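# Breakdown of the fold
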Amino acid sequence: MNHLVKVSELTVQYGAKSAVKQVAFELPAGRIIGLLGSNGAGKTSLMQAMMGLIPFQGKIDILGFDPKTQREAMLEHVCYIPDVAILPPWIVVADLLELMVGLHPKFKLELAQQKLARTIIPLDAKVKQLSRGMIVQLHLAIISAIDAKLMILDEPTLGLDIPARKAFYDMLVNDWCTDERTVLIATHQVDEIENLLSDVMMINHGELVLHDSISNLEERFIGVRYGLDAAAQIEAAAPLHRFRQMGGECAIFAGNAPANLAELGQIFRVELADLFVALAQPSMEKEHATN
Ligand SMILES: Nc1ncnc2c1ncn2[C@@H]1O[C@H](COP(=O)(O)OP(=O)(O)OP(=O)(O)O)[C@@H](O)[C@H]1O
């Protein structure tokens, strides 16, 4: 398989604090991967290490490049966006596009101009004169005109309203993603991106507690909504997680569900948000969850 990213034994340390602990993963081409984790879990540190922006221990290979020693060459094929809502407010749109030509070697000016022509954004406007939605459109035009292989987005839709967030993800999937390109998106908006992801990575206290494709997750984790009469049997079967939803008791099993689960209650597909809560618990059964 053609892997764009190979990471092994990655540790990021801030003084005595380990923000990322012995993390290993590989990312093939043609994927949209959600990087999920609570506040302070280590998502930004992981992405910054991949971009060679902070010191790390371990090995990172991005498209054959070492981010520590070959950062400039690597950045020709990688696009890293920490927050799409931030553009210099004083800059004129046309100048921003020109500036991008110098900033990213794979930036296609004509393509960005074509994309912008489909919006109502005037080329002579300053960023500060644009509405938030227009700023997102401008950002989208810029991003989708970068001919990179790997896109790394850290909380890309922070501060945007729902239509703007939806527009952002629609563009990403329809205009940028191909079989050769991969996107890694760190976000807290789990339910919002669940449907567009091909894979999920979950990080908890710096450890990678889950990395799998969405289709595998559907086989690995199973949910059941049950009544009080089945509670003792469910508890005895040691579910990964139990929670209440719409007045009912629910449990998530990770490969260890009792054979008669369907008789104990109503089986359902586990949503990422619930899986996230289950795996972010300190008492999680990691041996069931990690690959
Ligand atoms: N520059 C720094 N110096 C010291 N500690 C840091 C620094 N940056 C991050 N940390 C710590 O490292 C841990 C991971 O932080 P990181 O920003 O990577 O998490 P995150 O998952 O991106 O969080 P959030 O979702 O809140 O943005 C946290 O405990 C944080 O306090």
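In every chain, residue numbers begin from 1 and rise along the written sequence. The predicted nature of this model means local features are confined to residues of pLDDT at least 70 and side-chain atom pairs, given and counted, to a pLDDT of 80 or more, with totals for whole chains, interfaces and linings taken over all residues.

Per an unreviewed UniProt entry, the recorded name for the protein is ABC transporter ATP-binding protein, and the organism is Deefgea tanakiae.

## Here we look at the sheet that holds strand S2 (residues 17-28)
Consider a sheet: its strands pair through backbone hydrogen bonds, and that pairing is either parallel or antiparallel. The three strands are arranged S2-S1-S4 in an open sheet whose pairing can be described as antiparallel. Two strands in the sheet have a free side with no partner beyond their single neighbour: S2 and strand S4 (57-62). Strand-to-strand twist of the sheet, defined as the mean angle between neighbouring strand axes without regard to direction, takes the value 15°. Any two strands are treated as partners once DSSP identifies two or more bridges connecting them. Put simply, DSSP H or I for four residues or longer makes a helix, DSSP E for two residues or longer makes a strand, and each gets a number counted from the N terminus. Two elements, strand S1 (residues 3-14) and S4, share five bridges in a ladder whose sense is antiparallel. Note on method: axes are straight lines fitted to C-alpha atoms, helices fitted across the in-contact stretch only, with angles between N-to-C directions ranging 0 to 180 degrees.

## Side note on the packing of helix H5 (residues 132-144) against helix H6 (residues 162-176)
Between H5 and H6, the least distance of the axes is 10 Å, while the angle of their chain directions is 15°. Of the possible angle classes, the one that applies to H5 and H6 is roughly parallel. The chirality of how H5 crosses H6 is right-handed. Facing H5, whose interface residues are Arg132, Gly133, Val136, Leu140, Ile143 and Ser144, H6 presents Ala164, Ala167, Phe168, Met171, Asp175 and Trp176. Roughly parallel means an angle under 35 degrees; roughly antiparallel, over 145; roughly perpendicular, 65 to 115; everything else is oblique. For any helix crossing, the convention is left-handed if the near helix is rotated counterclockwise from the far helix by under a right angle, and right-handed if that rotation is clockwise. Throughout, a pair of residues is in contact if the C-beta atoms placed from their backbones lie within 7 Å.

## What about the environment of Ile81?
Within the fold, Ile81 resides in strand S5 (residues 78-81). Judged by C-beta crowding, with 17 C-beta atoms within 10 Å, Ile81 ranks as partly exposed. Counting along the chain gives 62 residues from Ile81 to Ile143, while the straight-line C-alpha distance between them is 8.9 Å. Non-local contacts of Ile81, meaning those with residues more than four positions away in its chain, are made with Ile143, Leu153 and Pro156. With C-beta atoms placed from the backbone, a residue is buried if 20 or more other C-beta atoms are within 10 Å of its own, exposed if 12 or fewer are, and partly exposed between those counts.

## Observations concerning the sheet that holds strand S7 (residues 182-186)
Pairing in this open sheet of six strands is mixed, and the strands run S5-S6-S7-S3-S8-S9 from one edge to the other. Looking at which strands have only one partner, the edges of the open sheet turn out to be S5 and strand S9 (207-213). The mean angle between the axes of side-by-side strands here comes to 15°, regardless of whether they run parallel or antiparallel. In this sheet, strand S6 (residues 150-154) lies alongside S5 in parallel orientation, the contact comprising four bridges. When the sheet's bridge partners are listed, Tyr80 is paired in S6 with Ile152.

## Re the site of the ligand
Each residue receives a C-beta atom built from its backbone; the residue is near a molecule or strand if that atom lies within 6 Å of it. The environment of the ligand is made up of Tyr14, Lys17, Ala19, Gly37, Asn39, Gly40, Ala41, Gly42, Lys43, Thr44 and Ser45. Listed by contribution, the elements that provide at least two residues to the shell around the ligand are S2 and helix H1 (43-50). Among the elements that make up the shell around the ligand, the one with the highest residue count is H1 (three residues). In the shell around the ligand, the residues fall into three nonpolar, six polar and two charged. Each residue gets one of three labels, nonpolar for Ala, Val, Leu, Ile, Met, Phe, Trp, Tyr, Cys and Pro, charged for Asp, Glu, Lys and Arg, and polar for the others, Gly among them.

## Notes on the domain arrangement of the protein
These domain limits were set by an automatic method or by a database of domain assignments. According to the domain assignment, the protein contains domain 1 (3-205) and domain 2 (216-289). Facing eight residues of domain 1, the contacting portion of domain 2 comprises seven residues. Contributions of two or more residues to the side of domain 1 that touches domain 2 are made by helix H7 (190-193) and strand S8 (199-204). Each residue belonging to the side of domain 1 that touches domain 2 can be placed in one class, and the counts come to four nonpolar, two polar and two charged.

## A few points about the packing of helix H4 (residues 109-117) against H5
Between H4 and H5, the shortest axis-to-axis distance is 8 Å and the interhelical angle comes to 150°. Classed by the angle they form, the pair H4 and H5 counts as roughly antiparallel. For the pair H4 and H5, the sense of crossing is right-handed. The segment H4 lies against H5, with Ala112, Lys115 and Leu116 engaging Ala141, Ile142 and Ser144. A class-by-class count of the residues in the contact of H4 with H5 yields four nonpolar, one polar and one charged.

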